[in-house]
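Here is what each chain is made of, one letter per residue.
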Amino acid sequence: MKLSIVILNYNVRYFLELCLKSVQEAVKTIDAEIIVVDNNSGDNSCDMVTHLFPDVILVKNTGNYGFSKANNIGVSRAKGDYVCVLNPDTVVPEDVFVKLLEFSESKEQLGIVGCKLIDGSGHYLPESKRNVPFVERAFKKLLGSTKDYYASHLNKDAVGEVDVLVGAFMFMKRELYVSMGGFDEDYFMYGEDIDLSYKVLRYGFRNYYYGGTTVIHFKGESTLRDKYYTQRFYGAMQIFYEKHFKRNLLFDMLVWLGIKIACFFGRLPKARKAKQVDKYILMSNKMDNKLQAVLSKEVVLSSYLKGVNDDTEVIFDTNVLGYKEVINMMENGNGSKSVTYKIMPKEANFVLGSNNAASKGEVILF
């Protein structure tokens with residue numbers, strides 16, 4: 001088997017359905033398997049997978065084991081030469097795995113490969129490519145300077161070596177993942193992707209950012225930025241420094257103090273105010289009367305994305321449009337930063353989207 005895609009789910013049933021439908025399209029020409037690991041979700045995620053995706057391997061954990069342990073469980077079930085760790089709040093284009101397999105098989109000492117990520121509004125996510133967060137870089141970021149934290153030597157469309165990739169999408173040889181011991185289970189959530197990326201580098205492998213393909217990462221879905229987010233994030237950073245950069249008592253105390261200060265004063269990303277939608281544009285070849293009935297504003301049927309006003313929300317019908325086509329339109333936009341988007345999955349009775357990376361997205365059932 002060539003590829004195993006491992007998706008960890010926790011209470012994001014509708015985003016998982018959209019993700020799985022996009023992944024299914026992306027593996028049609030590949031000898032691949034899809035593994036969903038569920039961390040004891042309280043919604044009906046598992047029933048949905050069993051009913052709609054009978055060929056997907058479903059692993060039901062009896063508790064919330066966190067990101068690292070649950071993904072390690074998933075990879076332990078994998079049979080592919082390559083493995084892709086993928087978040088459930090993602091949408092992938094049809095050719096993403098074909099491109100990454102072709103790219104990866106041309107490289108020696110291949111480490112981890114990541115790709116370009118955009119949020120639910122089509123905006124580029126700079127954490128798609130990062131440098132190792134040495135102490136100086138981390139504190140510069142805390143003070144608002146991100147130039148050294150993110151891998152700014154590559155533009156977002158480039159292909160090249162970087163230090164750190166993001167855990168929402170990590171593509172590598174399964175043998176490498178296993179040889180590194182997978183994700184370090186000392187991390188419950190956050191930091192494990194930095195840790196694994198750094199370990200791979202230390203063993204002489206090369207990590208790559210591949211800007212030739214784009215994946216949507218709604219981001220706020222799988223890890224809501226609640227009041228405990230800062231504590232969890234900086235707690236993970238403390239684990240990382242203790243494991244890899246421990247020097248002497250004075251230095252360790254300074255790092256510990258800096259992390260505590262950052263945790264205390266760190267600000268959560270601000271969620272934007274709810275958008276007032278005056279008109280919906282349905283990108284499809286026919287009007288969906290059930291959807292129209294539940295929306296409070298005018299719905300206009302269209303086959304192209306031009307002249308869209310700021311007060312408009314665009315709904316992409318993937319019964320008609322390909323996922324790559326949708327991603328391209330979101331990424332390239334129409335010149336307005338205020339237009340928002342939702343996606344209607346194939347053969348589904350809902351649309352979903354997220355207007356920013358700091359808060360939960362919206363699911364509209366019809």
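The structure displayed is predicted, hence computed values, not measured ones.

1. Notes on the overall build of the protein chain
Looking only at helices and strands, one finds eleven helices and 15 strands in the protein chain. A separation of at least 24 residues holds for 75% of the contacts in the protein chain among residues at least 6 apart in sequence. Accessible surface, the protein chain as shown: approximately 16,700 Å² in total, 49% of it carbon and sulfur.

2. Looking at the packing of aromatic side chains
Scanning all chains against the criterion turns up nine aromatic pairs. Ring centres of Tyr177 and Phe183 lie 5.6 Å apart, and the angle between their planes is 90 degrees; this geometry places the pair in the edge-to-face category. Each of the two residues, Tyr177 as well as Phe183, counts as buried. Aromatic pair Phe316 and Tyr341: ring centres 5.6 Å apart, planes at 20 degrees, arrangement stacked. Of this pair, Phe316 sits in strand β12 (residues 312-317) while Tyr341 sits in strand β13 (residues 340-344), and the two are 25 residues apart along the sequence. The rings of Phe67, Tyr177 and Phe183 are connected pair by pair, giving a single aromatic cluster. Here Lys69 stacks its cationic end above the ring of Tyr65, 4.7 Å away from the centre of that ring.

3. What about the pattern of salt bridges?
Overall, the coordinates contain 13 salt bridges when judged by the stated rule. Salt-bridge contacts for Lys116 lead to Glu331; the nearest nitrogen and oxygen are separated by 2.7 Å. With a gap of 215 residues between them, Lys116 in strand β6 (residues 110-118) and Glu331 in helix α11 (residues 323-332) connect regions that are remote in the sequence. Across the pair Glu313 and Lys342 runs a salt bridge whose closest N-O atoms are separated by 2.7 Å. Of the two residues, Glu313 is situated in strand β12 and Lys342 in strand β13; the sequence distance between them amounts to 29 residues.

Rules used throughout
- Residues numbered from 1 in each chain as written.
- Predicted model: local features only at pLDDT ≥ 70, side-chain atom pairs only at ≥ 80, totals over all residues.
- Heavy atoms only, no water.
- Helix = DSSP H or I, 4+ residues; strand = E, 2+ residues; numbered from the N terminus.
- Contact = heavy atoms within 4.5 Å.
- Areas by Shrake-Rupley, 256 points an atom, 1.4 Å probe, with all protein chains shown as cover.
- Phe/Tyr/Trp six-rings, centres within 6.5 Å; stacked < 30°, edge-to-face > 60°.
- Buried < 20%, exposed > 50% of the residue type's maximum accessible area, 1.4 Å probe, protein only.
- Lys NZ or Arg CZ within 6 Å of the ring centre and 35° of its normal.
- Salt bridge = Lys/Arg side-chain N within 4 Å of Asp/Glu carboxyl O.

Scope: geometric values only; no functional claims are made or implied.
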